[in-house]
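Topology and contacts: notes
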Amino acid sequence: MPAEGDAFKANLICAGILISGCSGSQSALNPAGDGAQQIARLFWWMAGGATLIWVIMIALSIYSLHLNPVAHHRQKSALFIIGGGAITPTIILTVLLIYGLNLLPALLARPSAEALRVEVQGYQWWWRVRYPNQSGETIELANEIRLPRGEPVEFLLTSKDVVHSFWVPSLGGKVDMIPGRTTHLTLHPVKTGRFRGVCAEYCGASHAYMNFTVDVVEKEEFDEWLSQQSADRDAPQKESVKNGEELFLLTGCGACHTIRGTEADGTIGPDLTHFGSRHSLGADMFPNTREYIQNWIAHVSALKPGVKMPEFRALTDEESQSLSQYLKQLK
Ligand SMILES: [Cu+2]
């Protein structure tokens with residue numbers, strides 16, 4: 001039997017671990033967007049209501065233990081049971097329901113026609129992202145999203161295979177991505193920072209590795225980023241980069257990946273035009289470093305279960321190194 005002090009310490013550590021889940025870049029209780037703030041408020045009201053009911057129930061249980069076990073007045077007991085067991089919970093739940101339903105119109109409202117609209121398509125197990133750029137073209141990115149602070153942005157969501165769900169807990173609610181349908185979600189970020197998005201609907205072996213990041217930045221920074229991402233890849237100057245690009249095309253990577261400005265125009269996998277500027281590799285699974293990219297190319301099935309990219313074990317070390325070097329400099 002552990003001493004009482006040890007038990008207290010263990011409780012304290014557990015509580016600390018639980019509470020630490022309430023902060024950080026993926027917490028609905030640490031809101032950085034309009035929708036998330038309203039959802040967090042609803043959560044706190046519900047938690048408050050539940051605590052109140054819990055306290056009353058415990059108090060009544062303790063009180064009942066001290067009652068004299070003799071026959072009680074029938075009518076009074078019936079009143080107590082119906083009042084406490086049916087009427088009170090109905091009133092509390094109805095108030096919470098009305099409060100919750102009241103939030104819906106604002107959460108579901110679609111922004112004006114001028115608002116930024118971003119298309120996101122879910123795939124097993126990554127995200128295709130399309131932005132309209134300043135000159136009215138649609139550009140394609142993957143696995144990372146950037147948003148200007150202080151503006152509502154509408155997401156048009158769909159899936160290319162199974163049902164996924166798009167959720168950035170710090171910014172707003174979650175919405176299913178359904179094959180053959182387009183669903184809508186409006187996010188209105190109010191704080192800058194990096195937030196984490198997840199797939200919130202079990203979608204197969206690597207469901208847990210289907211994540212993305214959302215960077216909320218000031219409007220000027222956003223515009224600059226978008227115009228940089230709209231450009232084709234920089235034409236290779238150095239010999240090593242030229243070789244890397246040639247190898248990329250020769251190896252057949254271009255059958256599935258697009259690199260704008262080259263012949264690679266595949267659409268099965270993520271667009272890699274500016275892959276080197278992403279923070280992560282494999283839908284927020286690994287840091288985007290040369291070592292991880294090299295490993296990814298040679299052993300991808302061991303790294304991400306069920307991944308829809310073949311591994312290229314036949315490549316020599318020099319070749320996969322050259323490819324990773326090439327991909328890393330695609331800023
Ligand atoms: Cu998914």
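The structure presented is a predicted model; accordingly, all values stated were derived computationally and were not measured.

Okay, the overall build of the protein next. Summing up its helical and strand segments, the protein has 7 helices and 12 strands in all. Relative to a compact globule of 331 residues, whose C-alpha radius of gyration would be 20 Å, the protein shows 26 Å and is clearly more extended. Over its C-alpha atoms, taken along the principal directions, the protein stretches across nearly 95 × 60 × 35 Å. Summarising the internal contacts of the protein: among those between residues at least 6 apart in sequence, 64% fall at separations of at least 24.

A few words on the sheet that holds strand 6 (residues 164–167). Where strands meet in a sheet, backbone hydrogen bonds hold them as pairs that are either parallel or antiparallel. Taken in spatial order, the 5 strands line up as 4-10-9-6-7 in an open sheet, and their pairing is mixed. Bordering the open sheet on either side are strand 4 (144–148) and strand 7 (175–177), each of which pairs with just one other strand. When the angles between neighbouring strand axes are averaged without regard to direction, this sheet yields 25 degrees. Of the pairings in the sheet, the one linking strand 9 (residues 193–199) to strand 10 (residues 211–217) comprises 6 bridges and is antiparallel in character.

It is worth spelling out helix 3 (residues 74–108) at this point. In an α-helix, one turn spans 3.6 residues, which is why side chains three or four residues apart end up on the same side. Compared with an ideal rise of 1.5 Å per residue, which puts 35 residues at 51 Å, helix 3 spans 50 Å between its outermost C-alpha atoms and is within 8% of the ideal. The sharpest bend along helix 3 measures roughly 35 degrees and falls at Gly 83. Burial analysis of helix 3 places just 0 of its 35 residues in the buried class, a small minority of the element.

Turning to the packing of helix 5 (residues 239–251) against helix 7 (residues 317–328), a few remarks are in order. Relative to each other, helix 5 and helix 7 sit at 105 degrees, their axes nearing to 8 Å. What the angle tells us is that helix 5 and helix 7 run roughly perpendicular. In this structure, helix 5 uses Ser 240, Val 241, Asn 243, Gly 244, Glu 245, Leu 247 and Phe 248 to contact helix 7, whose residues at the interface are Glu 319, Ser 322, Leu 323, Gln 325 and Tyr 326.

Next up on the list: the sheet that holds strand 1 (residues 116–123). Spatially, 5 strands are ordered 3-2-1-5-8 in an open sheet, and the strand pairing comes out mixed. Lying at the two open borders of the sheet, with one neighbouring strand each, are strand 3 (138–142) and strand 8 (183–187). With strand direction ignored, the average angle separating the axes of adjacent strands in the sheet is 25 degrees.

A few words on the pairing of strand 9. Summarising the sheet, strand 6 and strand 9 pair through 2 bridges and their orientation is antiparallel. Following the sheet pairing, Phe 166 is matched in strand 9 by Cys 199.

With respect to the helices and strands, the residue Ser 159 is situated in strand 5 (residues 153–159). Here the alpha-carbon distance between Ser 159 and Gln 124, two residues 35 residues apart in the chain, equals 9.2 Å. Filtering out sequence-adjacent residues up to four positions away, Ser 159 remains in contact with Gln 121, Gly 122, His 164, Met 177, Ile 178 and Pro 179.

Turning next to unusual backbone geometry. In this chain, Gln 124 is followed by Trp 125 through a cis amide linkage whose omega measures 5 degrees. The residue Trp 125 is located in the loop between strand 1 and strand 2 (126–132) in this model. Its identity is not glycine, yet Ala 283 carries a phi of approximately 60 degrees, on the positive side. Of note, the phi angle at Asp 284 is positive, near 60 degrees, even though the residue is not glycine. Counting through the fold element by element, Asp 284 comes out in the loop between strand 11 (280–281) and strand 12 (286–287).

Take the domain arrangement of the protein next. Its domain assignment divides the protein into domain 1 (26–108), domain 2 (116–230) and domain 3 (239–328). Taking only C-alpha atoms, the centre of domain 1 and the centre of domain 2 are 36 Å apart. Among the elements that make up the side of domain 1 that touches domain 2, the one with the highest residue count is helix 2 (residues 34–65) (4 residues). When the residues that make up the side of domain 1 that touches domain 2 are grouped by side-chain class, the tally is 6 nonpolar, 5 polar and 1 charged.

Another point: the environment of Ile 39. Of note, Ile 39 is situated in helix 2. For the pair Ile 39 and Leu 103, spaced 64 residues apart in the sequence, the C-alpha separation amounts to 8.2 Å. Those residues within four positions of Ile 39 in sequence are excluded, and the remaining contacts are Ala 28 and Gly 173.

Structurally, the position occupied by Thr 289 is in the loop between strand 12 and helix 6 (290–303). Sequence-wise, Thr 289 and Gly 150 are 139 residues apart; in three dimensions their C-alpha atoms are separated by 32 Å.

Moving on, we get to the packing of helix 2 against helix 3. In contact at an axis separation of 10 Å, helix 2 and helix 3 are set at 175 degrees when each is read in the N-to-C sense. By the angle between their axes, helix 2 is roughly antiparallel relative to helix 3. Packed against helix 2, whose contacting residues are Gly 35, Gln 38, Leu 42, Trp 45, Met 46, Gly 49 and Ile 53, the element helix 3 presents Ile 92, Leu 96, Tyr 99, Gly 100, Leu 103, Ala 106 and Leu 107 at the interface. Among the residues making up the contact of helix 2 with helix 3, the classes are represented as 10 nonpolar, 4 polar and no charged.

About the cut-offs
- Per chain, residues are indexed from 1 in the order of the written sequence.
- It should be noted that, the model being predicted, local features are given only for residues of pLDDT at least 70 and side-chain atom pairs only at 80 or more, the latter also being counted only at that level, while totals for whole chains, interfaces and linings use all residues.
- The secondary structure listing takes helices from DSSP runs of H or I that are at least 4 residues long and strands from runs of E that are at least 2 residues long, numbered from the N terminus.
- It is over C-alpha atoms that the radius of gyration is taken, and the globule rule equals 2.2 Å times the number of residues to the power 0.38.
- Contact definition: two residues whose C-beta atoms, as placed from backbone geometry, lie within 7 Å.
- Any two strands with at least two DSSP-identified bridges between them are counted as paired.
- For every element, the axis is a line fit to its C-alpha atoms; helices are fit only across the contacting stretch, and the angle between N-to-C directions ranges from 0 to 180 degrees.
- Each helix should span, by expectation, one fewer than its residue count multiplied by 1.5 Å.
- The quantity called bend is, for any residue, the angle between two axes fitted respectively to the seven residues ending at it and the seven beginning at it.
- Exposure classification rests on a simple neighbour count of other C-beta atoms within 10 Å of a residue's own: a residue reaching 20 or more is buried, one at 12 or fewer is exposed, and one in between is partly exposed. C-beta atoms are placed from the backbone.
- Throughout, the term roughly parallel applies to angles under 35 degrees, roughly antiparallel to angles over 145, roughly perpendicular to angles from 65 to 115, and oblique to all others.
- Either an automatic procedure or a domain database provided the assignment from which the domain bounds are taken.
- Each residue gets one label: Ala, Val, Leu, Ile, Met, Phe, Trp, Tyr, Cys and Pro are nonpolar, Asp, Glu, Lys and Arg are charged, and the others, such as Gly, are polar.

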